[in-house]
Amino acid sequence: VRNSAAVIALVLALPSPGSPALGPSYGGRIEIGLDAVPAGFVPAPARTAGARLLSGLVHETLVTVSPDGAPSPALAAGWSVTGRELTIGLRPGALFHDGTPITSADVVRSLQRFLRSTSPAAAWLAPHVTGLAAADPLRVVLTVDENRHGVLEALAAPAAAMTSARGAGAGPFVPTTNAPVGQRLTLVHFAHHVRGRPFLDAIDVRVGGSDVQPSATTGARLGTLLLVIDPHGGLASEDARRAVRGAVDGADLARNFWPGAAAAGSLLPPAILLAPPVPPSAPPARGSGTLALRVGPDVPVAVGQRVAALLGSAGFTVRASAARPEDVAPAGGVRLIAWTPEVADPLLALEELAALAPAAATSAVRDLLNAAAREPDADRRHVLILRAEAALRAGSILVPIAAVPVGFQARAGVQGVTVDEAGRIRLEDAWIAP
Amino acid sequence: VTQTTATAFRRRLTAALIAVAVLPVLLLAGLVLVRLSRSFERDADARLASGLDAVSGVLDRMEATATAKLTAVAEEDAPAAGRSDMRPLADEWGRRRDLPMLEIVAPDGTILSSRHWPAGYGLEEQDVRHPDAPRFRVEKVAEGYGAVDRLAVVAEHGATIGDVPVLLRGGRFVDESLLDEVSRLTGTEVGISSRLIDRWIARPRSPLNQWHDARSAIGGPLEGVETLAGESFRWQARPLAEGLYLVVALPRSSTAGVLGGIGRATILAALVALAGALLAASRLARRIAAPVTEELAESRERVLQAERVAAWREMARRLAHELKNPIFPIQLSVETLRRVAEEDASGRRLAEAFPDASTTILEELRALRKIVDEFSQFARMPAPTPAAVDVNEVVDQVLRLYEPRSTGVQIRTELAPGLPPVTGDRDLLSRAIGNLVSNALDALEGRGSLSVRTAAHDGGARIDVEDTGPGLRDEQRARLFTPYYTTKRGGTGLGLAIVQGIVSDHGGRVEVTSTPGRGTAFTLYLPGDNPRS
């Protein structure tokens, strides 16, 4: 099944020099198929799995978010928080792809670009930043208006990746050209990557997909299938939105149409926020009228068709079409998206989700999230986040359907492929087994 | 005359050849066009009907095939399946049996499995059918992220999967690719209009897709002509069910193109024929007209020669006659004198007979001289010597000359005062008028009247000489100016010929009117200037 960029074909192109039982070994190249790639390699918000994959191959951030939700050093060697100041220390000897060392000046320039970007994390952070300066060649000081949770986590966003003055990245693979040539793009290993040389020699990207059928599927529930309902027009009343929400059965979708998915009661995938079970809602109201359904790029076609069928069965006349990543819900209509948070942090993820709904509908949510950001106690912060999540669901504007895997398909023999909590497929640790 | 005749002959020949060459082409082409047009229409109707039959046959075969395949599914595939998970069965069986449309439906109408609309699993059927033709159903078919309505030819078959009774429904879609195939096969534009689908079912670029008000137009006459995308189409329809029509259409441009081509070819052929006719006429006229012209000229020459011979013979006959008349009295008088001289030696009787005989001889000799003089005058007519001539004066002189011969005849003159002079030869004109007066006096034979009038005419003069004599019959009048023709005893037949010759030499003309028993009138017209002489 080829469902947009959410499923990425990894195709073994060369025989492996080793066996999985013996552990990884260097060498070999693989081919991956992506529906589309960015026109360039400037760090930017990655809204699709393909964009996240390519960003993770080419770029590196100062920090990442570990599976337990805590920030983890990447290009940064470490950090310290003093009042409102966050001082980040860089790894000595770290290099960009163009061979230049990563300095505090590169960090300041890269973070300034990030704060000006359309990244949801940047949008959340930028209003609170009061200062950004290089203390010395290996230290940068970021000053915020108040000590709050999430500042360091926001720097894990793909758009916050570091680049050299000439635009070179620091990720595990180096693109051989600035853009695809024809329908192909080749990336070779970066021997000076901060976590060491990748096992693979090279990755060939074929734009438009691979013609080799993948033979294995793996993945984790790192995304959420969401209905984003525009609260205007025929869906202005909550009853009408409940009719939409009630028509789409997440359990049915997970069981019959999206292998690896599970019915979801929470807006955030369980890897980010373990939410308490949501009691079953009341029987759905009957819908009526014409409903525009825009289906996001990472949603399998069969899932989109099923949602359209369910809405049709509930009484709506559905006009379904594909949506681009940056599209919003059509006026009085519904957007069906497979959403993965930019940063695997519940607070930032809910901030990102809240941005999908009208501000008027989320003012209470933002109050709760602000309170959570200021809350130094982790348990109390967790409670506030759960309340914010519940509040965000309450208006039936953002409706979680299912927790879905950000999966990929690979030929047997490709080992060590991982997906981080932000849904980024990591190939720097992949190797080829026979 | 010969040149004029040849030109006329060429014109007539050219016209005849054009008529022979061009008119048949035009007539034939018109006939061919009309017949071809009708033939094309009949052929188009036949092709449309044939197209309808062919597509109907395809639909019938689709239903028969679907029935056979569903039977195989029900009897072979269904018994082998368990009831645990029916959802993938329709796709599996559909692929195996080559049924693009296959669904398994529970008795309550719930879709248990669908190949063409997997998203409908577990949902109530949302398809619709044409009630009076169950084999035609409008099925929901997955397309993009949603579903579209497609017409399908279906068959149904009951079956049991596990111990669950189900309905199998399968068939093939009547979609754009199928209609494209049958359109190519039949050479027509094939489409289907269904009241259950708000669009034409036709191949993508079919002009039928432009026919937006078809539903109201098709149902009535079931055939007609419609302009689609700027082109005229002839169409026929066949109802497949209530509100469901099979339509085939043919562009009329193909036949119009052929007819137009024939029309253009006709015009070209007509032009070629016209050019050929003109060329042929020119060459034929040259080949034909030249001998004809020569023959006409020869013929005319022969006539003229014959007339001359006849005239000479006539002249010889008259001359002989005229000469014979005086000769006989002369011979008789001489013989009388010799016989008297031989019988009377004294000479007394000779002396007595001599005066009478010599008088007779002299008179006859004068008659002979007169005859010779007239012939001599006619043969040696002098050329006119032009000068200004007072016509009234000439007329007056002539009348005075002939006054001694006019005893018993009343002579009336009406001479126009101030008559302009004419250009001519005074002596010749005097002779012409004198001949007319002489003839009139001869005709009057000493009784009746002679009127001579002059008048101005068209810048010249007109002279009327009219007698109240016996007049002329038509045949006499027709030959009046023929030389040597005469109605008078002892006449030479040259007098009027001389008159006509003189007047003609002066550029004038002679007219004669005559009524038997009432008289004859001659009119001379003389031009005022530029005499032809």
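First, a word on scope: everything that follows refers to the structure included in this document.

Parameters and conventions
- Residues numbered from 1 in each chain as written.
- Chains lettered and ligands numbered in written order.
- Predicted model: local features only at pLDDT ≥ 70, side-chain atom pairs only at ≥ 80, totals over all residues.
- Heavy atoms only, no water.
- 1 Å grid on protein atoms, 1.4 Å probe; cavity = no way out; pocket = protein on both sides within 12 Å on 5 of 7 lines; lining within 4 Å.
- Points joined across faces, edges and corners; volume = space filled by probe spheres on them.
- Nonpolar A, V, L, I, M, F, W, Y, C, P; charged D, E, K, R; others polar.
- Salt bridge = Lys/Arg side-chain N within 4 Å of Asp/Glu carboxyl O.
- Core = buried A, V, L, I, M, F, W, Y, C linked by side-chain atoms within 4.5 Å.
- Buried < 20%, exposed > 50% of the residue type's maximum accessible area, 1.4 Å probe, protein only.
- Helix = DSSP H or I, 4+ residues; strand = E, 2+ residues; numbered from the N terminus.
- Contact = heavy atoms within 4.5 Å.
- Arc of directions from axis to C-beta.
- Pairing = 2+ DSSP bridges.
- Patch = residues over 30% accessible without salt bridge, like charges linked within 9 Å, V, L, I, M, F, W, Y side chains within 5 Å.
- Areas by Shrake-Rupley, 256 points an atom, 1.4 Å probe, with all protein chains shown as cover.
- Axes fitted to C-alpha atoms, helices over the stretch in contact; angles between N-to-C directions.
- Parallel < 35°, antiparallel > 145°, perpendicular 65-115°, else oblique.
- Left-handed = near helix turned anticlockwise from the far one by under 90°.

Considerations on empty space enclosed by the protein
All names here are of chain A.
And step 1. Taken as a whole and assessed by the stated rule, the structure comprises two cavities of 30 Å³ or more.
And step 2. Within this model, the largest cavity holds a volume of roughly 70 Å³.
And step 3. Forming the boundary of the largest cavity are 12 residues, of which Asp 298, Ala 338, Thr 340, Pro 405 and Val 406 lie nearest the centre.
And step 4. Counted by class, the lining of the largest cavity contains eight nonpolar, two polar and two charged residues.
And step 5. Counted as a void, the second largest cavity has a volume near 30 Å³.
And step 6. A per-class count over the lining of the second largest cavity returns three nonpolar, no polar and four charged.

A short note on the pattern of salt bridges
Oppositely charged side chains can form a pair if their charged atoms are brought close together.
And step 1. Enumeration according to the criterion identifies 53 salt bridges over all chains in this entry.
And step 2. Each of the salt bridges in this network shares a partner with another, and the network as a whole consists of B:Glu103, B:Glu125, B:Asp127, B:Arg129, B:Arg137, B:Glu139, B:Glu156 and B:Arg169.

Digging into the nonpolar core
And step 1. One finds A:Leu62, A:Phe114, A:Leu155 and A:Leu353 to be the most contacted residues of the largest nonpolar core, which totals 65 residues.
And step 2. The element contributing the most residues to this core is helix H8 (residues 346–354) of chain A, with six residues.
And step 3. Apart from residues no more than four positions distant in its own chain, A:Leu62 is found in contact with A:Ser72, A:Pro73, A:Ala74, A:Leu75, A:Ala76, A:Ile88, A:Leu90, A:Val107, A:Leu111, A:Leu155 and A:Met162.
And step 4. Counting residues in hydrophobic clusters, the runner-up holds 39 residues, among them B:Val391, B:Val422, B:Val452 and B:Leu496.

Quick word on helix H7 (residues 391–401) of chain B
Residue and element names in this part refer to chain B.
And step 1. Buried within H7 are the following residues: Val 391, Asn 392, Val 394, Val 395, Val 398 and Leu 399. Down the axis of H7, the sector holding all buried residues measures 160 degrees, keeping them to one side. Seen from the open side of H7, the exposed residues pointing more than 90 degrees away from its buried face are Arg 400 and Leu 401.
And step 2. Residues of H7 that are buried sit in contact with strand E12 (387–389), strand E13 (410–414), strand E14 (422–424), helix H8 (426–444), strand E15 (449–457) and strand E16 (460–467).

Details of the sheet that holds strand E18 (residues 398–405) of chain A
Either a parallel or an antiparallel arrangement is found when strands of a sheet pair, and the pairing is made through backbone hydrogen bonds.
Residue and element names in this part refer to chain A.
And step 1. The sheet built from six strands is open, its strands ordered E14-E18-E13-E17-E15-E16 with mixed pairing. Here the strands that pair on one side only, and so sit at the sheet edges, are strand E14 (262–263) and strand E16 (317–322).
And step 2. Looking at chain direction, strand E15 (residues 290–295) and strand E17 (residues 334–339) are connected through three bridges and run parallel. Counted as the bridge partner of Leu 293 is Val 334 from E17.

Section: a nonpolar patch on the surface
And step 1. Among the surface-exposed residues, B:Ile267, B:Leu271, B:Leu274 and B:Leu278 lie close enough to one another that they form a single nonpolar patch of about 350 Å² accessible area.
And step 2. One can find B:Leu271 in helix H5 (residues 253–343).

Structural notes on the packing of H7(B) against H8(B)
Residue and element names in this part refer to chain B.
And step 1. Running from N to C, H7 and H8 cross one another at 50 degrees; their axes reach a closest spacing of 9 Å. Regarding the angle of H7 to H8, the classification is oblique. The hand of the H7/H8 crossing is right-handed. Between H7, through Glu 393, Val 394, Val 395, Gln 397, Val 398 and Leu 399, and H8, the contact on the second element is made entirely by Arg 426, Leu 429, Ser 430, Ile 433, Gly 434 and Val 437.
And step 2. Partitioned by chemical class, the residues of the contact of H7 with H8 number seven nonpolar, three polar and two charged.

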